[in-house]
There are 2 protein chains.
Amino acid sequence: MPSKTKQRSSILAALKNIDQPVTPSELLNYASINSPGLGIATVYRYLKRLVASSQVRKIEAVGVPPHYEIIHKKDHRHFFVCYVCEKLSAIKRCYNDFKDLLIDGYKIKSCEVIIYGECRECST
Amino acid sequence: MPSKTKQRSSILAALKNIDQPVTPSELLNYASINSPGLGIATVYRYLKRLVASSQVRKIEAVGVPPHYEIIHKKDHRHFFVCYVCEKLSAIKRCYNDFKDLLIDGYKIKSCEVIIYGECRECST
DNA sequence: TTGGATGCAAACGCTTTGCATAATT
DNA sequence: AATTATGCAAAGCGTTTGCATCCAA
């Protein structure tokens, strides 16, 4: 079953199943269930393609490693980083556009909002 | 003049003079003018302290290396990344808070907005 | 048979750390 | 004298790349 050419579909399926930001190594672990022997290089190579083709979003936040997640529509999302448990999570989809932030002559392609604080579990 | 213990003041002065997001190596170059022989390790070590003490903000955006900048008040800023020239810049200070994004039980400490697109120079 | 996909290991670049030295108190 | 700061070089770590192999068309 783990034919050597079905690695990409395992990676993509993993991304869709998780539907939350994940790190490359987390993705490797998850996708390896269906694709034993999958290499980290393949994960990185495919993620790069997916980002380039706007199927996947790369999220870089302070204090946590880069995360990746499936893009559903032309949405953007807000992310939350807890500085106690150091976890990154998507907090909601948001269809607001940020035209009020527009500056003359600048063309907005996408927008990323990252909120840092303390999550519910760590607040109590 | 370049006594071995005035390195930190050179680094801090450079950050204040620039007053724009810079990479560690850019900061090294700039601070080295007043502190020849300054090492990159000292820059990283001091930046870490400054971030920990909330004097400096670290900005991580997709496609560009991490940048650092002086924090002026309890402001937050919006950043713009041009995907053509691949430069990151601060576009304005913003004193809005993001209470509308608040979720029950979450405590917001800070918020970062990064806009990706095409800058004025690259649009023309 | 030709081109793309993959795993492995080496290479890479940024960041951190160990250690000896030097400055500060 | 003890503590802290520094430069250098080595180590770390995540990511990329070269290359031989494997698979698909």
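Residues numbered from 1 in each chain as written. Chains lettered and ligands numbered in written order. Predicted model: local features only at pLDDT ≥ 70, side-chain atom pairs only at ≥ 80, totals over all residues. Heavy atoms only, no water.

Let us now look at the overall build of chain A. For chain A, the helix and strand inventory stands at 4 helices and 5 strands. When its helices and strands are written in sequence order, chain A yields α-α-α-β-β-β-β-β-α. The 124 residues of chain A split such that 43% are buried. Accessible area of chain A: about 7,100 Å², with a carbon and sulfur share of 52%. (Helix = DSSP H or I, 4+ residues; strand = E, 2+ residues; numbered from the N terminus. Buried < 20%, exposed > 50% of the residue type's maximum accessible area, 1.4 Å probe, protein only. Areas by Shrake-Rupley, 256 points an atom, 1.4 Å probe, with all protein chains shown as cover.)

What follows is about the interface of chain A and chain B. With 30 residues of chain A in contact, the opposing surface of chain B contributes 30 residues. Each partner contributes to the roughly 2,900 Å² buried at the junction of chain A and chain B, and carbon and sulfur atoms together form 59% of this total. Put simply, chain A and chain B have 0 salt bridges between them. Between chain A and chain B we count 8 residue pairs in polar contact (both at pLDDT 80 or more) in total. Sorting the residues of the side of chain A that touches chain B by element identifies β3 (76-82), β4 (88-94), β5 (107-118) and α4 (120-123) of chain A as the ones contributing at least two each. Ranked by residue count, the leading element in the side of chain A that touches chain B is β5 of chain A, at 12 residues. One ladder, built from 11 bridges, connects β5 of chain A with strand β5 (residues 107-118) of chain B; its direction is antiparallel. Within the sheet, the bridge partner assigned to serine 110 of chain A lies in β5 of chain B and is tyrosine 116 of chain B. (Contact = heavy atoms within 4.5 Å. Buried area = accessible area lost by both parts, 1.4 Å probe. Salt bridge = Lys/Arg side-chain N within 4 Å of Asp/Glu carboxyl O. Polar contact = N/O pair within 3.5 Å; in protein donor to acceptor, adjacent residues only side chain to side chain. Pairing = 2+ DSSP bridges.)

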